[in-house]
There are 2 protein chains.
Amino acid sequence: MSRLPGSDARLAVSTVIFALEPGVTPDGVEHEASGPRSLWIPLVRRLREPGKDRWALPGGWLGAGEALEAAAARTLEETTGVTPAYLEQLYTFGAPDRSPAERVVSVVYWALVRPEETTGAIDDPNVRWFDPDDLPALAFDHNMIVEYALARLRTKLGYSQIAHAFLDQTFTLAELREVYETVLRRPLDPANFRRTVEASGALVETGEVRTGTPHRPPKLYRPAEPADAGANGLFRVPIAPHLRKQS
Amino acid sequence: MSRLPGSDARLAVSTVIFALEPGVTPDGVEHEASGPRSLWIPLVRRLREPGKDRWALPGGWLGAGEALEAAAARTLEETTGVTPAYLEQLYTFGAPDRSPAERVVSVVYWALVRPEETTGAIDDPNVRWFDPDDLPALAFDHNMIVEYALARLRTKLGYSQIAHAFLDQTFTLAELREVYETVLRRPLDPANFRRTVEASGALVETGEVRTGTPHRPPKLYRPAEPADAGANGLFRVPIAPHLRKQS
DNA sequence: GCAAAAGTGTTGGAGCTACACCCATGC
DNA sequence: GCATGGGTGTAGCTCCAACACTTTTGC
């Protein structure tokens, strides 16, 4: 049987996984507080050529009969031990020379994970968490991919509810605001932030407050909808009409 | 040699091609003027199973050593005879059951073509132009793909300069406005449109005017930049801050 | 009471919509 | 001149940034 056209490239799936740094690194080292937290992405060390010993995005080959999104969820769980709260296709990279020797087309996804997910992360010297704004030289074209994913995350934060995927089921407005401030790397006015978020209708009060704080107890909120509604991420509904990347 | 993982799916490339209906169909039939023009996309009739005799997006298999974007440009030229003025990746569709019998992953692009490009289009009964808002049942999942491309076109029109790709190198503001009105399917205020576009800095006056009109001769403009600058479409710069899909 | 974060009120400006109005050409 | 699209002016509205201010808790 002759080789079919369209079959000479191998199909891989990779994922850029974003989490919020818990304030303590996985090594248990305290982190000094310039900003209280920062964005954090896990990378895996390549154990084989090509790109041996370099850090790379978690990923793997597409399985037979496996949906693309399922492959992304599977490979990121296998390699890093985290489960995504949000998963969306980013872009497909297929330059002929992006991997030496063989042709690889990578369908890249990006994911957000909650803090408790990262505690179940694999404790492995070949998995390490990095600041996506300060990366070493990665394998293949992965630096460019992370840069693109970061731009998409920052843009999408402004017109969707994806910030919820960084948080627990209930949270305070200050916690939600901290997500925005961390990702956008700029402070936001608490008063205006409150009004904008409340007007968007994306949150509902739980009726509870968080006690034990040294100050006035803040109300707890939860997302207005299950947050994962909307099939495969193609047609998601924009909500909040501001909070752009630029001031 | 055993079959490698990641190779059991065939990689195809398809393109959703948008043009402005010239006011006359390719058959030479005059078109009545409710709206003066409308969006227009070319589809090809499938001559083989699966989906035989249904209309489908132009496309083909990815060639060995061929870049994804190059494959999109090649296959749309081969099947429909048009050359794109703008080409950007849309999404990769890979549901296991989207094509019967064999696994096909399709990297889908979308393109804009100028009116003169469509005059060089192939005159073939197996290529026909359709209104994307009024399509028959297409092969595979192509109805959904067109719907998604249409949403992306309408959204992107509001924050980029892609409208220029529908027009010649120089054009009047009325012609540019007609592009927006056609794509967004709503009338725009000429006065406000002018100010918005001028403020965006996306256009420069050529100093010429268009003569031969029955009224005051309008100024001619050209895009401020070569319009195709920006590599592979990943990092394009948003410009015009309004003209949304919704009023 | 005091400090600090939660939460509310208010003002001013930017930008957009709607629409009135003037300009320049062909006939 | 007059019809018509090209092009300018402007009032009013909405929305948001900035910031002053009040509320509620722990200590």
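Please read these numbers as outputs of a predicted model, since none were measured by experiment. (Residues numbered from 1 in each chain as written. Chains lettered and ligands numbered in written order. Predicted model: local features only at pLDDT ≥ 70, side-chain atom pairs only at ≥ 80, totals over all residues. Heavy atoms only, no water.)

**Observations regarding the overall build of chain A**
For chain A, the count of helices and strands is 5 helices and 9 strands. Listing every helix and strand of chain A by position from the N terminus yields β-β-β-β-α-β-β-α-β-α-α-α-β-β. Taken across its 247 residues, chain A has 46% of its residues classed as buried. Here the contacts in chain A between residues at least 6 apart in sequence split such that 64% fall between residues at least 24 apart. Working note: accessible area of chain A is about 12,200 Å², and carbon and sulfur atoms make up 51% of it. (Helix = DSSP H or I, 4+ residues; strand = E, 2+ residues; numbered from the N terminus. Buried < 20%, exposed > 50% of the residue type's maximum accessible area, 1.4 Å probe, protein only. Contact = heavy atoms within 4.5 Å. Areas by Shrake-Rupley, 256 points an atom, 1.4 Å probe, with all protein chains shown as cover.)

**What about the confidence of the model for chain A?**
Keep in mind that low pLDDT regions are not for reading the predicted coordinates in detail. Residues and elements named next belong to chain A. Across chain A, the average pLDDT comes to 84, with 81% of residues at 70 or higher. Per-element confidence in chain A ranges from a low mean pLDDT of 73 for helix H2 (residues 115-119) to a high of 98 for strand S3 (residues 55-56). Note that pLDDT drops below 50 for residues 227-242; the model gives that stretch 27 contacts with residues more than four away or on any other chain. (pLDDT = per-residue confidence, 0-100.)

**A look at the packing of helix H4 (residues 173-184) of chain A against helix H5 (residues 190-200) of chain A**
All names here are of chain A. Contact geometry for H4 and H5: axes closest at 11 Å, N-to-C directions at 100°. When the axes of H4 and H5 are compared, the pair comes out roughly perpendicular. Between H4 and H5, the contacting residues are Leu173, Leu176, Arg177 and Tyr180 on the first element and Pro190, Phe193, Arg194 and Val197 on the second. For the contact of H4 with H5, the per-class residue count stands at 6 nonpolar, no polar and 2 charged. (Axes fitted to C-alpha atoms, helices over the stretch in contact; angles between N-to-C directions. Parallel < 35°, antiparallel > 145°, perpendicular 65-115°, else oblique. Nonpolar A, V, L, I, M, F, W, Y, C, P; charged D, E, K, R; others polar.)

**Brief notes about unusual backbone geometry**
Residues and elements named next belong to chain A. Glu49 connects to Pro50 through a cis peptide bond whose omega is 0°. A positive phi angle is found at Ala101, which is not glycine, with a value near 80°. Its identity is not glycine, yet Phe140 carries a phi of approximately 55°, on the positive side. By the secondary structure assignment, Phe140 is in the loop between strand S7 (127-130) and helix H3 (142-157).

**Digging into helix H3 (residues 142-157) of chain B**
All names here are of chain B. For H3, built from 16 residues, the straight-helix expectation of 22 Å at 1.5 Å per residue is met to within 8% by its first-to-last C-alpha distance of 22 Å. Those residues of H3 that fall on the buried side of the exposure criterion are His142, Ile145, Val146, Tyr148, Ala149, Leu150, Ala151, Leu153, Arg154, Lys156 and Leu157. The elements touched by buried residues of H3 are strand S1 (10-20), strand S2 (39-45), strand S3 (55-56), strand S5 (86-93), strand S6 (104-112) and helix H4 (173-184). (Expected span 1.5 Å × (residues − 1).)

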